[in-house]
Amino acid sequence: MSPPDPTRPTARLPARLPAKLIVIHGPMFAGKTTEVLARIAAAHARGERAVVIKPERDTRYAADEVVTHAGERISARNARSAADIVAVVEREVDAPALVVIDEVHFFASDAVAPIDALLARGITVVVAGCDIDHFGDTFAPFDALLPRADERVHKTGSCARCGGASTHSERLVASTDRIIVGGAAEFIATCAKCFRPSRR
């Protein structure tokens, strides 16, 4: 019997799944970040590494964590702009199989190029964020990402006015800025019928 070849693995490693673009979208308070945490847990169960990226300006609950409205949290890397996303991943000692970008609408259309770059490297990308702004318009980059997504997860919550399925995020404070960092004091989730768009 010939001796074992030391260059050949003695155990079969789990195969990495093909890279996919997974888009989680919906209004505020719909459980998008909870869905993100479930995806990360599933990746860890498969023995895969995941890196979570969030906009640096989103400091609602923590500067270096992604936090659900219910208080669940996970460590995250900050990106000042979409141009930083690939560099953040490249700084990791071990290459991840999964990159999660939370609140991706903060990066608008600039997020598309780095997402494409990560997919081209064989990294699955999960993005999550609000797909409709407080004016009732589609938030970029969802206009570009949704048609190309391998998986789309549309989350809804409860309308604050009628109790139906929420699809919109209505701003309660006066501001013409498209994005402000806020929570329950600044926004409510509503259905399309109850939604009151902000004045431009």
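Keep in mind the model is a prediction, meaning the values are calculated, not measured. (Residues numbered from 1 in each chain as written. Predicted model: local features only at pLDDT ≥ 70, side-chain atom pairs only at ≥ 80, totals over all residues. Heavy atoms only, no water.)

Undergrad: What is the right way to read helix α1 (residues 32-45) from this model?
TA: The α-helix winds at 3.6 residues per turn, so residues separated by three or four positions along the chain end up facing the same way. Taking 1.5 Å per residue, 14 residues should reach 20 Å; α1 reaches 20 Å between its end C-alpha atoms and fits that length. Turning to α1, its buried residues number three or more, namely K32, T33, E35, V36, L37, I40 and A43. Downstream of α1 by a residue or two, G47 has a phi angle that is positive, lying close to 80 degrees. (Helix = DSSP H or I, 4+ residues; strand = E, 2+ residues; numbered from the N terminus. Expected span 1.5 Å × (residues − 1). Buried < 20%, exposed > 50% of the residue type's maximum accessible area, 1.4 Å probe, protein only.)

Undergrad: What exactly am I supposed to notice about helix α3 (residues 112-120) here?
TA: Buried within α3 we find V112, P114, I115 and L118. Burial along α3 is one-sided: seen end-on, the buried residues are contained in an arc of 165 degrees. For α3, exposure combined with an orientation more than 90 degrees from the buried face picks out A113 and A120. Tucked into the core, α3 has its buried residues touching β1 (21-25), α2 (85-90), β6 (98-101), β7 (124-129) and α4 (142-145). Phi for G122, located one or two positions after α3, is positive at around 85 degrees. (Arc of directions from axis to C-beta. Contact = heavy atoms within 4.5 Å.)

Undergrad: Which parts of the structure should I look at to understand the environment of G31?
TA: Tracing the chain through its elements places G31 in the loop between β1 and α1. Looking at G31, the relative accessible area reads 28%, which means it is partly exposed.

Undergrad: Any chance you could explain the sheet that holds strand β8 (residues 151-154) here in plain terms?
TA: Sheet strands pair by backbone hydrogen bonding; their relative direction is either parallel or antiparallel. The sheet built from six strands is open, its strands ordered β5-β2-β6-β7-β1-β8 with parallel pairing. Looking at strand neighbours, the two that pair on one side only are β5 (77-79) and β8, the edges of this open sheet. Going across the sheet, the axis of each strand differs from the next one's by a mean of 20 degrees, ignoring polarity. Looking at chain direction, β1 and β8 are connected through four bridges and run parallel. Bridge assignment links I22 to a residue of β8, and that residue is E151. (Pairing = 2+ DSSP bridges. Axes fitted to C-alpha atoms, helices over the stretch in contact; angles between N-to-C directions.)

Undergrad: Please clarify how the nonpolar core should be interpreted in this entry.
TA: Generally speaking, nonpolar side chains in soluble globular proteins are found buried as a group. Counting residues in hydrophobic clusters, the biggest one holds 31 residues, and the most contacted among them are V23, I53, I85, I101, I115, L118 and V127. Here this core takes four residues from α2, the largest share from any one element. Contact partners of I115, with chain neighbours within four places excluded, come to L21, I101, V104, V125, V127 and L145. Counting 15 residues, the second largest nonpolar core, distinct from the first, contains I22, L37, L98 and V153. (Core = buried A, V, L, I, M, F, W, Y, C linked by side-chain atoms within 4.5 Å.)

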